[in-house]
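Summary of the model geometry
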Amino acid sequence: MDIGILGIQGDIDEHEKMVRRIGHNPIRVRTVEDLSKVEALIIPGGESTTMGKLMEKYGFMEALRNLNIPILGTCAGMVLLSKGTEKKQPLLKLMNITIKRNAYGSQRESFEKEIYLDGEKINGVFIRAPVVDRILSDNVEIIAKEGNNIVGVKEGRYMAIAFHPELSDEGHRVYKYFINKVMGCKY
Ligand code: GLN
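None of these values were measured; they are calculated from a predicted model. (Residues numbered from 1 in each chain as written. Predicted model: local features only at pLDDT ≥ 70, side-chain atom pairs only at ≥ 80, totals over all residues. Heavy atoms only, no water.)

Here we look at the overall build of the chain
Short version of the rule: Secondary structure elements are taken from DSSP: a helix is a run of H or I of four residues or more, a strand is a run of E of two residues or more, and numbering for both begins at the N terminus. The reference for a compact globule is 2.2 Å times residues^0.38; the radius of gyration itself is calculated from the C-alpha atoms. Contact between two residues is taken to exist if any of their heavy atoms lie within 4.5 Å; hydrogens are not considered. Areas reported as accessible are Shrake-Rupley estimates using a 1.4 Å probe. Residue values count occlusion only from the protein chains shown.
Helix and strand counts for the chain come out as five helices and eleven strands. Against the globule reference of 16 Å for 187 residues, the chain gives a C-alpha radius of gyration of 15 Å, in line with a compact fold. C-alpha extents for the chain along the principal axes are approximately 40 × 35 × 30 Å. Considering only contacts within the chain whose residues lie at least 6 apart along the sequence, 64% involve residues at least 24 apart. As displayed, the chain has an accessible area near 8700 Å², and 43% of this comes from carbon and sulfur atoms.

Here we look at the pairing of strand S10 (residues 149-155)
Our working rule: Relative accessibility under 20% of the residue-type maximum defines a buried residue, over 50% an exposed one, and the middle range a partly exposed one, all with a 1.4 Å probe and only protein chains included. One requirement defines pairing of two strands: DSSP has to find at least two bridges between them.
For S10, a buried count of six out of seven residues is recorded, marking the element as mostly surrounded by other parts of the structure. Where strand S9 (residues 141-146) lies against S10, five bridges are found, and the strand directions are antiparallel. Across the sheet, residue Ala144 finds its bridge partner in S10, namely Gly152. Hairpin connection between S9 and S10: a loop of two residues separates the two successive antiparallel strands, and Gly147 in this loop has a positive phi of roughly 60°. Where S10 lies against strand S11 (residues 158-161), four bridges are found, and the strand directions are antiparallel. From the neighbouring strand, Lys154 faces S11, where its bridge partner is Met159.

Looking at the site of the ligand
Where we set the bar: Definition of nearness: a residue and a molecule or strand are near each other if at least one heavy atom of the residue lies within 4 Å of the molecule or strand. What qualifies as a polar contact is a pair of N or O atoms within 3.5 Å, subject to a donor-acceptor requirement within protein and to the restriction that residues adjacent in sequence count only when both atoms come from side chains. Residue type decides the class: Asp, Glu, Lys and Arg count as charged, Ala, Val, Leu, Ile, Met, Phe, Trp, Tyr, Cys and Pro as nonpolar, and the leftover types, Gly among them, as polar.
The local shell around the ligand consists of Gly45, Gly46, Glu47, Ser48, Cys75, Ala76, Arg101, Asn102, Ile127, Arg128 and His164. Gly46 places a polar main-chain atom, nitrogen or oxygen, 2.9 Å from an oxygen atom of the ligand. Ser48 has a polar backbone atom sitting 2.7 Å from an oxygen atom of the ligand. In isolation the ligand exposes 300 Å². Once the protein is present, 96% of that is buried. Across the shell around the ligand, the residue classes tally to three nonpolar, five polar and three charged.

Some remarks on the pattern of salt bridges
The condition is simple: We define a salt bridge as a contact between a side-chain nitrogen of Lys or Arg and a carboxyl oxygen of Asp or Glu at a distance within 4 Å.
Applying the stated criterion across every chain, the model contains nine salt bridges. One salt bridge connects Lys37 with Asp34, and the closest N-O pair in it is separated by 2.9 Å. Linking Glu47 and Arg101 is a salt bridge whose minimum nitrogen-to-oxygen distance equals 2.7 Å. Within this pair, whereas Glu47 is found in the loop between strand S3 (40-43) and helix H2 (48-57), its partner Arg101 is found in the loop between strand S5 (97-100) and strand S6 (110-117), the two being separated by 54 residues in sequence. Judged by relative accessible area, Glu47 falls into the partly exposed class, the value being 31%. The exposure class assigned to Arg101 is buried, which follows from its relative accessible area of 19%. Counted as one network, the salt bridges with shared partners bring together Asp13, Glu16 and Arg28.

See the structure below:
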C-alpha cells in the first residue's frame with residue numbers, strides 16, 4: 001500500500017523506514033497534489049503551531065477535510081487532528097477530542113514508558129507529549145493509556161497517538177494496527 005508521510009516537519013525518515021519495515025511503500029507528501037498518490041497519511045510529530053500554519057498556507061487543511069483519507073497523527077499530529085487545545089491554533093478538527101499540549105510539563109519533557117496497544121507491548125517514547133483532554137463523541141475509542149492519561153484514540157478512519165512510534169523498536173506495531181484496524185474502516 002502507498003502510505004503518505006506529511007513532509008513538513010518531524011522524523012520523516014524514521015516514519016518511512018517503519019512503513020517499509022512492515023512491507024508497504026512510503027511516499028513523502030510535500031504538496032496537496034501529492035495526496036492523490038497515497039491511500040493514507042501519517043502526520044509526524046513536530047511543533048503543531050508551526051505545522052498547522054504551514055498546512056493552512058499550503059492548502060492541506062482544506063484538502064484533508066474534503067478527501068476523507070485515513071490519517072494517523074503522532075504527537076503534534078495528534079494535536080492537529082483534534083478539535084481544540086488551550087490556545088487558538090490552526091487544526092484539522094477531524095477527531096472529536098480536545099488536547100492538552102505539553103501535558104507532562106517541563107520536568108518530564110521526554111521519557112519512555114511501556115504502553116499497550118491492542119494487547120501488544122510498545123516502548124512509548126514521549127517527547128513534550130500531548131494527552132487527550134476531553135472526548136466529545138461516543139465514536140471515539142481509547143486504544144492506549146499511560147497511567148490515567150489517554151495517549152491513543154481512534155475514531156472512524158482517524159487514529160491519534162501521543163508518543164513517537166518511529167523511535168521505538170516495537171513501534172511498527174502502531175503502523176500495523178493503523179493499516180489493519182483503521183484503514184479498512186468505511187465511515
Ligand atoms: N509539544 C508539541 C506540540 O504541542 C508536540 C511535540 C512532539 O510532536 N514531539 O505541538
